[in-house]
Amino acid sequence: MSPHDDVEEILLDTETIASRVAELGAQLTADFGDRDPVLVSVLKGSLVFLADLIRAMEMPVSIDLMEVSSYGSGTETSGQVRILKDLSGPIEGRHVIVVEDIIDTGLTLNYLLKYLADKAPASVRIVCLLDKPARRLAEIPIDYRGFTIPDRFVIGYGLDYDERYRNLPYIGVLKPAVYAGAPPEG
Ligand code: PRP
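Quick notes on the rules
- Residues numbered from 1 in each chain as written.
- Predicted model: local features only at pLDDT ≥ 70, side-chain atom pairs only at ≥ 80, totals over all residues.
- Heavy atoms only, no water.
- Pairing = 2+ DSSP bridges.
- Helix = DSSP H or I, 4+ residues; strand = E, 2+ residues; numbered from the N terminus.
- Axes fitted to C-alpha atoms, helices over the stretch in contact; angles between N-to-C directions.
- Contact = heavy atoms within 4.5 Å.
- Near = heavy atom within 4 Å.
- Areas by Shrake-Rupley, 256 points an atom, 1.4 Å probe, with all protein chains shown as cover.
- Nonpolar A, V, L, I, M, F, W, Y, C, P; charged D, E, K, R; others polar.

**Description of the sheet that holds strand E6 (residues 123–131)**
Piece 1. The six strands are arranged E4-E3-E2-E5-E6-E7 in an open sheet whose pairing can be described as mixed. Of all the strands in the sheet, the pair left with one neighbour each is strand E4 (81–85) and strand E7 (144–148). Neighbour-to-neighbour, the strand axes of this sheet turn through a mean angle of 25 degrees, independent of strand direction.
Piece 2. Of the strand pairs in this sheet, E6 and E7 are connected by four bridges, and their pairing is parallel. Paired with aspartate 131 across the bridge in E7 is threonine 148.
Piece 3. Across the sheet, helix H1 (residues 14–32) lies against strand E5 (95–103), E6 and E7, angled at about 160 degrees from E7, the strand it touches most.
Piece 4. Each of strand E2 (38–43), strand E3 (62–70), E5 and E6 touches helix H2 (residues 47–55); the most contacted strand, E2, lies at about 155 degrees to it.

**Looking at the site of the ligand**
Piece 1. Around the ligand, the structure places 14 residues, and the nearest of them are Glu100, Asp101, Thr105, Gly106 and Thr108.
Piece 2. Protein chains shield 75% of the accessible area of the ligand, which is 500 Å² for the free molecule.
Piece 3. Contributing elements (two or more residues each) for the shell around the ligand: E5 and helix H3 (107–117).
Piece 4. The dominant element in the shell around the ligand, judged by the number of residues it contributes, is E5, at four residues.
Piece 5. Here the shell around the ligand is built from residues that sort into four nonpolar, four polar and six charged.

Note that all results are geometric; they support no functional claim without further evidence.
What follows is the structure, given as structure tokens:
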């Protein structure tokens, strides 16, 4: 029994992801070279992307981790976000780079951007690996985008279904038989 068995199709393979992450790292290095940015990543899905991205940035960086959960359930998304783990250090006056694995409705980041802005950072930029614009409810200014993807339920490279599949080394589409019934959110 392997998690690969539940993958209908590989959307982005390991090499494609690695080469795009290297490009994003090079862009961030060029743009933030001497600004000592803090990368704020949103657990858990962004973990794998963050780990690869910081190693593609040839400059001093620090990281901080937040974990949030949406109050929405089922197919209803409320836009209300609960902070499960807050920043561990101040960001006042710092250049913040928010690192996200996927932006879907945009409601999580919409909330988070206001939350971070209240802490008076010098600037806030957004890097996301996957942009799924089809379901967007809140407009998000994405500064650095890995890939734009279609409205399909994706797993792997940090992204889960029911907390599984995060360890797949590629981004794949989950077989509908796995969630039998209504497609899951995200
Ligand atoms: C995912 C992703 C974003 C959010 C995006 O997290 O990491 O934080 O959903 O969705 P939105 O644009 O519709 O708000 P998820 O809630 O699946 O938690 P996880 O990262 O722990 O898997």
